[in-house]
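Close look at the chain arrangement
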Amino acid sequence: MALNSQVEVFLQAMANFPALDLTMITPAAMRLVNDNPLEAGPPIPMAQVRDLSLPLAGRAVAARLYVPEGAGELPPLTLFYHGGGWVLGSLETHDATARALARASGSAVLSVAYRLAPEQPYPVPLDDCYDALCWAAGHGPELGVDTSRLAVAGDSAGGNLAAACAIRARDSAGPPLRHQLLIYPVTDRDYSRASYRDNGGGEYFLSAQMMDWFWNHYVGDAAADAAPLAMVQQVTDLGGLPPATVYTAEYDPLRDEGMAYADKLAQFGVPVEAEIAPGMIHGFFSMFALVPDALLWIDKAGARLKQALSQ
């Protein structure tokens, strides 16, 4: 399908910015460039928005709780992990996305500000995300949520972390999860797939060079067996994981690895709904202010969560 017309306008605006030299730029400088939320207009109203400091073992991790209007007395809870290649992103960059997902799903959303690479490389971001899930599962009354109805969700690197948390929860007898929502997730470090060849030159926002920059900061040159929950596509056994929704974008270098992960989940008997969003690019969930068609996909994702987390 042709590139979505709203996405075309977005990419034309992005083309006015100077190209980044990824051989020279530091993570700190990249954050200054990238960690600016897109103008989204007035925030989507919530019944409650509360900033928290989660007291995890040996450290505190910031988080933000969103309770949508009409959620009822004890709504279910979705842990949300933001994207940004494990290096970028924050509660602020994904505030609008978290609000939109809470509104669409009727679930409370706990967005987690896990520590970032390269200052805190693998497995620290994953440890923060998983420990936040365990903390939330044990503090339902404090959060005002029903922790018998839990899900994990994330976009891009956050989708990778959500998938890895689901695997760790299975393997560690952790909190039982009703669902995993994986939005254009990173699942493998393999640049040979067709979607990398077709979409990885940088003309569609995310490039193969940028993904390599992210991977280098997250795991260095570690192989899959040295970082087993970084490259979730390489996990041998995916049986017994919670049902999944996997959405990818047609013009995304990560499209094929996301769909390959969905296929592998299905091969192990995990119920999966997987779709490629036609005409869309990487990051489109966070672009809905400029790409209103993205709201259709956020609503679809919310409906999947609502169904999975219903009584």
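The structure contained in this document is the topic of the report that follows. (Residues numbered from 1 in each chain as written. Predicted model: local features only at pLDDT ≥ 70, side-chain atom pairs only at ≥ 80, totals over all residues. Heavy atoms only, no water.)

As a further point, take the nonpolar core. One finds Leu77, Leu79, Tyr81 and Tyr218 to be the most contacted residues of the largest nonpolar core, which totals 71 residues. A per-element tally of this core places helix 6 (residues 157–171) first, with nine residues. If we skip the residues at most four places from it in the chain, tyrosine 218 touches Trp86, Ala117, Pro121, Tyr122, Pro125, Leu126, Leu161 and Ala230. Of all hydrophobic cores here, the second largest spans 37 residues; its members include Leu3, Phe10, Ala153 and Ile298. (Core = buried A, V, L, I, M, F, W, Y, C linked by side-chain atoms within 4.5 Å. Buried < 20%, exposed > 50% of the residue type's maximum accessible area, 1.4 Å probe, protein only. Helix = DSSP H or I, 4+ residues; strand = E, 2+ residues; numbered from the N terminus. Contact = heavy atoms within 4.5 Å.)

The next subject is a nonpolar patch on the surface. Taken together, the side chains of Met14, Phe17 and Phe205 define a hydrophobic patch exposed on the protein surface, amounting to about 300 Å² of accessible area. Assignment of secondary structure puts phenylalanine 17 in the loop between helix 1 (5–14) and helix 2 (27–34). (Patch = residues over 30% accessible without salt bridge, like charges linked within 9 Å, V, L, I, M, F, W, Y side chains within 5 Å. Areas by Shrake-Rupley, 256 points an atom, 1.4 Å probe, with all protein chains shown as cover. Salt bridge = Lys/Arg side-chain N within 4 Å of Asp/Glu carboxyl O.)

Moving on to the pairing of strand 1 (residues 48–56). Here strand 1 pairs with strand 2 (residues 59–67) via nine bridges, running antiparallel. In the strand pairing of strand 2, serine 53 is matched with alanine 62. Remark: two residues form the turn of the hairpin made by strand 1 and strand 2, two consecutive strands paired antiparallel; glycine 58 in that turn has positive phi of roughly 75°. (Pairing = 2+ DSSP bridges.)

A separate point is the sheet that holds strand 4 (residues 108–112). Spatial ordering of the open sheet is given by 1-2-4-3-5-6-7-8, a layout of eight strands whose pairing is mixed. The two strands at the open ends of the sheet, each matched to only one other strand, are strand 1 and strand 8 (272–277). The average undirected angle you get between the axes of adjacent strands in this sheet is 20°. Taken strand by strand, helix 3 (residues 95–105) contacts strand 1, strand 2, strand 3 (77–81), strand 4, strand 5 (150–155) and strand 6 (179–183), and its axis lies near 50° from that of strand 2. Together, strand 1, strand 2, strand 3, strand 4 and strand 5 form the strand contacts of helix 4 (residues 124–137), whose direction differs from that of strand 1 by roughly 110°. (Axes fitted to C-alpha atoms, helices over the stretch in contact; angles between N-to-C directions.)

A few words now on unusual backbone geometry. In this structure, proline 118 follows alanine 117 across a cis peptide bond, with omega equal to 0°. In this fold, proline 118 is placed in the loop between strand 4 and helix 4. A cis amide bond, omega 5°, links tyrosine 122 with the succeeding residue proline 123. For proline 123, the location among the structural elements is in the loop between strand 4 and helix 4. Here tryptophan 86, not a glycine, exhibits a phi torsion of approximately 65°, which is positive. For alanine 173, which is not glycine, the phi dihedral falls at a positive 50°. Relative to the assigned elements, alanine 173 resides in the loop between helix 6 and strand 6.

Next up on the list: the environment of alanine 71. Following the sequence through the fold, alanine 71 ends up in the loop between strand 2 and strand 3. Spatially, the C-alpha atoms of alanine 71 and alanine 47 are 8.1 Å apart, while their sequence positions differ by 24 residues.

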